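# Observations on the model geometry
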Amino acid sequence: MADPTATTPVTPAPASAQEAAGGHDRILILDFGSQVTQLIARRLRESGVYCEIWPFTASDDRIRDFQPRGIILSGGPASVNEGESPRAPQAVFDLKLPVLGICYGQQTMCAQLGGLVESGHHREFGRAFVEITDGCALTQGVWEKGAREQVWMSHGDRVTRLPEGFRPVGVSEGAPLAIIADDSRHYYGVQFHPEVVHTPHGAALLRNFTHAVCGCKGDWTMGAFRAEEIARIRAQVGAGRVICGLSGGVDSSVAAVLIHEAIGDQLTCIYVDHGLMRAGETEQVLATFRDRFNIKLVHRDASDLFLGALKGVTDPEVKRKTIGRLFIEVFEEEQAKIGGADFLAQGTLYPDVIESVSATGGPSVTIKSHHNVGGLPENMRMKLVEPLRELFKDEVRALGRELGMPEAIVGRHPFPGPGLAIRIPGEVTREKVQILQQADLVFLEEIRNAGLYDAIWQAFAVLLPVRTVGVMGDGRTYDQACALRAVTSTDGMTADVYPFEIAFLSRVANRIVNEVRGINRVAYDVTSKPPGTIEWE
Ligand code: XMP
């Protein structure tokens, strides 16, 4: 999965904004550090509008050059009444474009335009209701005057005096100016978060802003993206050769198929098999890419090398670093064998390249050093081809379907670069990998049979380094325990436990203990993230 802590090098943005957006209308989202800023972009993209998220520190010139049709100011953790709190760049107001301020965005807009924001008296968190006191272009056709509508709030400050030109159009218990409008300048502000699903009509409000207020056509579709991206890859690569590290995961797979459609045999994929994949995965990768898509594919079985290097290693970080290092070594060997290439393709996604603002203003702590297969170091001296760098995960899946890729690959749960090694706490051996593969297979089979696969972000088994006593038939067993993990999530950054029925879990436990030699006990991990992480190591 895309992870901001990954060490993947980030290439510069496309030469011009026009190029990135393929000539479509653009909306600029300025980020003030809210946890949910990415959701604004997702909602806009869902309604066919191309948008980008930039930090609030973006320069006036950069904003002007982007030529947006409108600007959205996100929420954020600061208070406008604190000394050094962030402000919207002056260009936001000088460009005379429509502006929508959300939560902190509304507050800073009001503070900058002459209104007043009050701190800390009326906190509202979670579900709240706004009463619609007047009509405006933002609520047109969605919320009628007089209605009481559910929204999601998360604020301590609130606007108490409007700048000149604004009028109130909605009020909540904690915010007398929960929705405001300046019709002549096309400035709007909401105290609540329309981008989260807990504001049921939020997407429709955002659509009103982008389509009705800003005049966006909403023609940014996957079909259009595919055609434009193919043209862009051809222009970038010319007659050059491209190599792509294939992991079997959604991102590198979709990138490979798209690039192949653009340049055919100029692309070679390298699949480094570290022997830590799930059951049947390698076979599926080979069948899909070689047989079905006719892509040139080098398969290097390096399982002896990886498992040999992991012998005696128990520390999770050492495991991750060992696998990452070997992956690069093997990849380099294979690419040298085929005579090198001019370009390296990567399945980098938009969340990797967003220059997000950390809530604390400082760099975030490294919890785990993520290793992305395909995330190769810059010193390989190849230019990068990153056709997915403007897309979110769900958009990558939509593109994969558009390209005719099988659901088994496109809809697949994320799988970490270091593979099953980080699902085997303690030393990794080939035997343990085989035991875990079988348990994992049973768990996923039952999930698929129950029709739950798509409702779950990630589900897998973990082989624990503990042996426990059991009884089977008339005999005593003394075997390993395994844990099952299944979570829901939208981006892997936070996660909730999937609430299986106990009957389902019992069925899985029964099958694993009966069918998988070496496991005699099954536990279900009920830790959310935070405080847990999704993987165990
Ligand atoms: P954690 O365990 O940090 O995982 O909660 C969040 C998401 O990232 C995936 N993950 C990885 N993906 N290389 C990857 O490509 C890695 O090294 C890696 N480690 C964790 C994890 O499966 C989950 O989706």
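Residues numbered from 1 in each chain as written. Predicted model: local features only at pLDDT ≥ 70, side-chain atom pairs only at ≥ 80, totals over all residues. Heavy atoms only, no water.

Basically, it comes down to this: UniProt positions are given in the numbering used here, feature names are shortened, and annotations may be inferred rather than shown by experiment.
Identification of the protein chain as GMP synthase [glutamine-hydrolyzing] from Roseomonas mucosa is taken from an unreviewed UniProt entry. Within the UniProt record for the protein chain, the comment given under Catalytic activity (unreviewed entry) is "XMP + L-glutamine + ATP + H2O = GMP + L-glutamate + AMP + diphosphate + 2 H(+)". Database annotation for the protein chain, UniProt heading Pathway (unreviewed entry): "Purine metabolism; GMP biosynthesis; GMP from XMP (L-Gln route): step 1/1."

## Some words on the UniProt feature "active site" (unreviewed entry) in the protein chain
Counted only if it meets this: Secondary structure elements follow DSSP: runs of H or I no shorter than four residues count as helices, runs of E no shorter than two count as strands, and numbering proceeds from the N terminus. Exposed residues in this analysis have more than 50% of their type's maximum accessible area, buried residues have under 20%, and partly exposed residues fall in between, with area computed by a 1.4 Å probe over protein chains only. Contacts are assigned to residue pairs with any non-hydrogen atoms lying within 4.5 Å of each other.
Look at the UniProt record and you will see "active site" (unreviewed entry) annotated at Cys103, His193 and Glu195. A stretch of 93 residues holds the annotated residues, and the largest C-alpha distance among them is 11.1 Å, short enough that they meet in one place. On the secondary structure map, cysteine 103 appears in the loop between strand 4 (99-102) and helix 5 (104-112). Note on cysteine 103: relative accessible area 4%, which makes it buried. The residues contacting cysteine 103, other than those within four sequence positions of it, are Gly75, Ser154, His155, Val190, Gln191, Phe192 and His193. By secondary structure assignment, the location of histidine 193 is in the loop between strand 11 (187-190) and helix 6 (202-213). The class for histidine 193 is buried, based on a relative accessible area of 4%. The contact partners of histidine 193, leaving out residues within four places of it in the chain, are Ser34, Val36, Gly75, Ile102, Cys103, Trp152, Ser154 and Thr199.

## Structural notes on helix 7 (residues 222-237)
The condition is simple: Each residue after the first adds 1.5 Å to the expected span of a helix.
Look at helix 7: 22 Å from first C-alpha to last across 16 residues, which is about the 22 Å you get at 1.5 Å a residue. Taken together, the buried positions of helix 7 are occupied by Met222, Ala224, Phe225, Arg226, Glu229, Ile230, Arg232, Ile233 and Val237.

## So, the packing of helix 15 (residues 430-449) against helix 16 (residues 502-515)
Convention followed: Helix axes are fitted only over the stretch in contact, all axes being lines through C-alpha atoms; the angle between N-to-C directions runs from 0 to 180 degrees. Note on convention: near helix rotated counterclockwise from far helix by under a right angle means a left-handed crossing. Clockwise means right-handed. Residues are grouped as follows: nonpolar covers Ala, Val, Leu, Ile, Met, Phe, Trp, Tyr, Cys and Pro; charged covers Asp, Glu, Lys and Arg; every other residue, Gly included, is treated as polar.
Relative to each other, helix 15 and helix 16 sit at 145 degrees, their axes nearing to 10 Å. Judged by the sense of rotation from one axis to the other, the crossing of helix 15 with helix 16 is right-handed. Every residue of helix 16 that contacts helix 15 at Gln438, Ala439, Val442, Phe443, Glu445, Glu446 and Ile447 is listed here: Phe504, Arg507, Val508, Arg511, Ile512 and Glu515. Its residues assigned to classes, the contact of helix 15 with helix 16 comprises seven nonpolar, one polar and five charged.

## Some words on the sheet that holds strand 6 (residues 124-132)
How we decide: A strand pair is defined by DSSP finding two or more bridges across the two strands.
Spatial strand order, 2-1-3-4-11-10-9-6-7: nine strands in an open sheet with mixed pairing. Two strands bound the open sheet, and with one partner strand each, they are strand 2 (50-55) and strand 7 (148-155). Neighbour-to-neighbour, the strand axes of the sheet open up by a mean angle of 20 degrees, direction not taken into account. In this structure, strand 9 (residues 167-172) lies alongside strand 10 (residues 179-182), joined through three bridges in antiparallel fashion. Bridged to arginine 167 within strand 10 is alanine 181. The sheet contacts of helix 2 (residues 37-46) involve strand 1 (26-31), strand 2, strand 3 (70-73) and strand 4, and relative to strand 2 the element is tilted by about 165 degrees. In the packing of helix 5 onto the sheet, contacts are made with strand 3, strand 4, strand 7, strand 10 and strand 11, and the angle to strand 4 comes to roughly 120 degrees.

## Re unusual backbone geometry
A cis amide bond links lysine 529 to the next residue, proline 530, at an omega of -15 degrees. Counting through the fold element by element, proline 530 comes out in the segment after strand 20 (519-524). Cis geometry marks the peptide bond from proline 530 to proline 531, where omega comes out at 10 degrees. Its place among the elements puts proline 531 in the segment after strand 20. Phi at glutamine 67 is positive, roughly 50 degrees, even though this residue is not glycine.

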